[in-house]
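# Summary of the model geometry
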Amino acid sequence: MTAVLTNLFDGIAYGMLLFVLACGLAVTLGLMNFVNLAHGAFAMTGGYVCAVLVNQFGWPFFAALPLAFISSAVVGIVLERLLYRHLYTRSHLDQVLFSIGLVFMSVAAVDYITGSQRVFIKLPSMLEGQFDVLGVGVGRYRLLIVVICGLLTATLQLVLARTRFGSRLRAAVDDPRAASGLGINVPQVFAFTFAFGCGLAGLGGALSAEILGLDPYFPLKFMIYFLIVVTVGGSSSITGPFLASLLLGIGDVAGKYYVPKMGPFVIYTLMIVILIWRPNGLFGRTAMR
Amino acid sequence: MTAQADIGFHARRHARWHAGEIAFWLLALACAFAFPSRYLIMTEIVRLGLFALSIDLILGYAGIVSLGHAAFFGIGAYSAGLLALHGIINEPLLALIVAGLGAAVLGFATSFLVIRGVDLTRLMVTLGIALLLEALAERYSDITGGTDGLQGIEMQPILGLFAFDMFGRTGFFYSLAALFLLFLLARRVVHSPFGLSLRAIKNNPLRAAAIGIPVHKRLIAIYTLAAFYAGIAGALFTQTTALASLDVFAFERSADLLLVLIIGGTGYLYGGLIGAVVFRMLQELFSIITPQYWQFWIGLVLVVIVMVGRGRLHRWVLWAPNWLIARLGGRKAAVAVPETEGP
Amino acid sequence: MAAALETIGLEKHFGGLRVTRELSLKIARGARHALIGPNGAGKTTVINLLTGVLRPNGGRILLEGHEITNLPVHKRVLRGLSRTFQINQLYADLTPVETIGLAVSERLGRGGDWWRAMGSRDEVNAEIAETLSRFHLLDVMNEPTATLPYGKQRLLEIAVAIAARPRVLLLDEPAAGVPESERHDILAVVAALPRDVTVLLIEHDMDLVFSFADRISVLVNGALLTEGPPEQVAKDPQVKAVYLGEATNA
Ligand SMILES: Nc1ncnc2c1ncn2[C@@H]1O[C@H](COP(=O)(O)OP(=O)(O)OP(=O)(O)O)[C@@H](O)[C@H]1O
Ligand SMILES: [Mg+2]
């Protein structure tokens, strides 16, 4: 019984991590309808920046996390301004080719710089180990992840639903032309959103090094996971991707634990079934065209 | 000419063989004799060309974007490998066809999942199917040999006459013959009303249905045919290299394939073949510069192609041949821009 | 004899929006029927429902007495129902020869031919030639559609619909967007349609509607306001009220 609960908790932590990693993609792919397969590369950037800062420059882990966010966001905004923005209106095939190209480049580049072995980020000792809650083993680090990601999710939800920026973003996505008619600077809104999504991915990348593993193939390995979160979750709100992340996280952890050999098989099958059954995602309407 | 004969003439415009096409195939054959020491790499190019031809059928003609075409390649590869390994079908040609049919069956079965929905759903579903097969192959490693792949495949002579030799000569001619025959078939198909209806569907599915084209049926048919082609390509891979391992299903294979086709241009059949040559040469070149990291450059090529614009790129590349033809022939250029019309 | 086309209590909702309301229409065989109504009345939606592009939320559709409510789009075409689109729906990369050739091939059941080249069947070629010349498209027959002037594209749009040899033809604002100088070609083509083809015409140009139609249905907010012969509809005070202030269209 406690194993079940521990697994459940691990699954939730994993799922929340996935959400933070993928929610930027929920906006670019789900709302802006841009097929960005390179989203994982931004996460990897954050992860590696954090790893270098902590392991080589001796920064404290918590100080390196914001830097992971910032570095990915900066890379994101630079690429958005230079490249991505020219492709918003292009065909999905072009977007796919372009982002695969970026993935290949990032994989090879990171491999070249750091080597292909898995990277570990040295965690502060207070985050190591487990403690018991009513007999259920709760990993300290995973608890931290749940707390951070939970806070982020709540903030995000508030920002999108309550602030002026949130309504501008929704207007810009719904009808870019009408939005710019209303005096909204659409390219700026897009660029900022894109960068913020990349930043979150970077933060997620740093947090996930311990759990998902960080190596140059990260963008390829987890590409499908991010896509699942967005397409299965839908994008009418961030609740959909959030729930999808949780399901995926719990399902993946449970799958690996109980049917170790069939784990990925189950997830891919489920994904295909859901996409066929509800092409617009389990939790609502996507802006898929 | 009567108006009716005139129409026939114009409608068959693309279906007629052009001098450039004949030259292309003569050149391919000439290569076989000009570079006897490079059979292995040329076989690879032929196989890749066939694989790219397969995705051109669905992407270039029917507009179906796939991120998991390696699924069919892999099925073909493993089928051929298992048939030979267990001595079920020893004659390679027959095994090749059976392997292709195996892939076609899978293609048919999954086509129902793929043809529905929008680009994004298609991307995800095709990718998902390939990943699924890879996971399955890994799970049943007692059958597939897991990461080590199938070991100890021995190929019998083709038709009992032509044994595979260590220089890859037989393998090359065998592959080239398969490519040529399948190319002829594809060429026939795309210039038929059926093939034209695929282009109509790609251009405007709404209008296609509104003139009575059964859109789903046509897409299922071409997807199945493309799967057959990809299966043959995979089977050729196993038969000529005596290898089949998990990476036949890999995402990178599907992604590289898109690049191959994009380099050559979609929707005129030769794109995949030309793309295969260029891609392989680029790969060689990049491996010379940075042996381990050639993928970086492949990625860069993709990014550059998209940023410059595929159509524009091909106009630039074809500018010279177009100019030449216009000068020499004193007529309107026949080498057209891929994507809008054939050569 | 059953009506050429009939709808019974047709309903269509987009979310909370009721775009077609209990619409019951009857179009007699050989009729020249016009469907008019202000912008956004739901006229195009009706055509989309009739042709199967949209599925109704309720009600039935009968073509020559046979239920077609759940038939897919292409099967309705084979049963003799064809349409034009308000906004051109053509194949940008295909030429008029290919576009018309496809429509003819499909109708003759040759669309699935995968072995014979397009253009190798005389009966198909003859019909392509006839259609292209009737629609003044012979001179541009080898140009990709996207490069044709708008007027020619509009002609092609109508030509494709007619190449399917429909028994019931639905025309959604055939002259929309065509410059005044080229309107004549289009109207002449519409006027010259064979009498045995039943036509449902959507049009904002009232002169055209009254010269063409022998029966008019007026649609407002998705519901049928009134129906009758032109003289009666012209006098109808309700119709006048609806079109008051719509002077630009009427
Ligand atoms: N796919 C759709 N989703 C949501 N609303 C739609 C959709 N299609 C049409 N509508 C709405 O249904 C109403 C009727 O539209 P429709 O195009 O049928 O009108 P119409 O009479 O053809 O107008 P017009 O004269 O401008 O062509 C409009 O309010 C339109 O906004
Ligand atoms: Mg309309």
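Residues numbered from 1 in each chain as written. Chains lettered and ligands numbered in written order. Predicted model: local features only at pLDDT ≥ 70, side-chain atom pairs only at ≥ 80, totals over all residues. Heavy atoms only, no water.

### Describing the overall build of chain C
The criterion, for reference: By definition, any uninterrupted DSSP run of H or I lasting at least four residues is a helix, any uninterrupted run of E lasting at least two residues is a strand, and each is numbered from the N terminus. Buried residues are those whose accessible area, probed at 1.4 Å on protein chains only, stays under 20% of the maximum for their type, while exposed residues exceed 50% and partly exposed ones sit between those limits. Only heavy atoms matter for contacts: two residues are in contact if any of them lie within 4.5 Å across the pair. Only four residue types enter the charge count, namely Lys and Arg as positive and Asp and Glu as negative; His and the chain termini do not. For this purpose, a charge sits on NZ of Lys, CZ of Arg, CG of Asp or CD of Glu.
Within chain C, the secondary structure is distributed over nine helices and eleven strands. Along the first, second and third principal axes, the C-alpha atoms of chain C reach 55 × 40 × 35 Å. For chain C, the proportion of its 250 residues judged to be buried stands at 58%. Considering only residue pairs separated by 6 or more positions, chain C has 64% of its internal contacts joining residues 24 or more positions apart. Computing the positive centroid from 27 side-chain charges and the negative centroid from 30, chain C places the two 7 Å apart.

### Concerning the overall build of chain B
To be explicit about the condition: We take the radius of gyration over the C-alpha atoms and set the globule estimate at 2.2 Å times the residue count to the 0.38 power.
Scanning chain B from terminus to terminus reveals 15 helices and zero strands. Rg of the C-alpha trace for chain B: 20 Å, near the compact-globule value of 20 Å for 343 residues, within the 12% margin. Taken along the three principal axes of its C-alpha coordinates, chain B extends 65 × 45 × 40 Å. By the burial criterion, 57% of the 343 residues in chain B qualify as buried.

### A closer look at the confidence of the model for chain B
Residue and element names in this part refer to chain B. Heads up, the rule is: Values of pLDDT, which run from 0 to 100, indicate the predictor's confidence residue by residue.
Residues at a pLDDT of 70 or more form 92% of chain B, whose mean pLDDT is 88. Mean pLDDT values for the elements of chain B range from 70 in helix 15 (residues 310–329) up to 96 in helix 11 (residues 215–241). The low-confidence segment residues 330–343, where pLDDT is below 50, has 38 contacts with residues more than four positions distant or belonging to other chains.

### Focus on the domain arrangement of chain B
Definition in use: The start and end points of each domain follow an automatic or database-based domain assignment.
Each domain of chain B was delimited in the assignment, giving domain 1 (35–308) and domain 2 (311–343). Centre-to-centre, using C-alpha coordinates, domain 1 of chain B lies 28 Å away from domain 2 of chain B.

### Some points on helix 12 (residues 251–264) of chain B
Residues and elements named next belong to chain B. We apply this condition: Here the expected length of a helix is defined as 1.5 Å per residue gap, with one fewer gap than residues.
Along its 14 residues, helix 12 runs 21 Å from first to last C-alpha, staying within 8% of the 20 Å computed at 1.5 Å per residue. For helix 12, every residue scored as buried is listed here: Phe-251, Ser-254, Ala-255, Asp-256, Leu-257, Leu-258, Leu-259, Val-260, Leu-261, Ile-262, Ile-263 and Gly-264. Within two residues after helix 12, Gly-265 carries a phi angle of roughly 100 degrees, on the positive side.

### Let's talk about the environment of Gln-283 of chain B
All names here are of chain B. Filter applied, for reference: In the analysis that follows, any N or O atom pair within 3.5 Å is treated as a polar contact, provided that within protein one partner can donate a hydrogen and the other can accept it, and provided that, for residues neighboring in sequence, both atoms belong to side chains.
Checked against the element boundaries, Gln-283 lands in helix 13 (residues 270–289). Relative accessible area serves as the criterion here: at 14%, Gln-283 is assigned to the buried category. Note: C-alpha distance between Gln-283 and Trp-297 (14 residues apart in sequence) is 8.6 Å. A distance of 3.1 Å separates a polar atom in the side chain of Gln-283 from a polar atom in the side chain of Arg-280.

### Regarding the interface of chain B and chain A
Note the following rule: Computed with a 1.4 Å rolling probe, the buried area is the accessible surface lost when two parts are put together, summed over both parts. Here, a salt bridge means any Lys or Arg side-chain nitrogen found within 4 Å of an Asp or Glu carboxyl oxygen.
Tallying the contact residues gives 39 residues for chain B and 42 residues for chain A. In this assembly, chain B packs against chain A so that about 3,800 Å² is buried in total across both faces, 83% of it on carbon and sulfur atoms. Remark: the boundary between chain B and chain A carries one salt bridge. In this structure, Arg-310 of chain B and Asp-94 of chain A form a salt bridge, with 2.7 Å as the shortest nitrogen-oxygen distance.

### Topic: the coordination of the magnesium ion (ligand 2)
Residue and element names in this part refer to chain C. To keep things clear, this is the line we draw: In this listing, donors mean N, O and S atoms no farther than 2.8 Å from the metal, or 3.2 Å for Na, K and Ca; water is missing from the atoms, so a site can look incomplete.
Donor atoms from the polypeptide that bind the magnesium ion (ligand 2) are Thr-44 (OG1) and Gln-86 (OE1), placed at 1.9 to 2.1 Å. In this pair, Thr-44 sits in helix 1 (residues 43–51) while Gln-86 sits in the loop between strand 7 (81–83) and helix 3 (96–107), placing the two residues 42 residues apart along the sequence. Take Thr-44: its relative accessible area is 26%, and that puts it in the partly exposed class. Judged by relative accessible area, which is 30%, Gln-86 ranks as partly exposed.

### Here we look at unusual backbone geometry
Residues and elements named next belong to chain C. Residues other than glycine seldom take positive phi values, yet Glu-64 does so here, at roughly 50 degrees. You will see that His-136, though not glycine, has its phi angle at about 55 degrees, which is positive. Checked against the element boundaries, His-136 lands in the loop between helix 4 (122–134) and helix 5 (150–163).

### A look at the pattern of salt bridges
Residue and element names in this part refer to chain C. The tally for this structure, following the rule as stated, stands at 24 salt bridges over all chains. Residues Glu-67 and Arg-60 are paired through a salt bridge, measuring 2.8 Å at the closest nitrogen-oxygen approach. Given the relative accessible area of 39%, Arg-60 is considered partly exposed. Close ionic contact of Arg-215 with Glu-227 constitutes a salt bridge, the shortest N to O distance being 2.9 Å. Placement of the pair is Arg-215 in strand 10 (residues 215–220) and Glu-227 in strand 11 (residues 223–228), with a sequence separation of twelve residues.

### Observations concerning the sheet that holds strand 4 (residues 32–36) of chain C
All names here are of chain C. How we decide: DSSP calls a pair of strands paired once it identifies at least 2 bridges connecting them. Axes here refer to lines fitted to C-alpha atoms; in helices the fit is confined to the stretch in contact. Angles between the N-to-C directions go from 0 to 180 degrees.
Reading across the sheet, the six strands line up as 7-8-9-4-10-11 and stay open at both edges, with mixed pairing between neighbours. Pairing within the sheet leaves two strands with one partner each, and these edge strands are strand 7 and strand 11. Pairwise comparison of adjacent strand axes, ignoring direction, gives a mean angle of 20 degrees for this sheet. Pairing analysis gives five bridges linking strand 8 (residues 168–172) to strand 9 (residues 198–202), with the strands arranged parallel. Across the sheet, Val-168 pairs through a bridge with Thr-198, a residue of strand 9.

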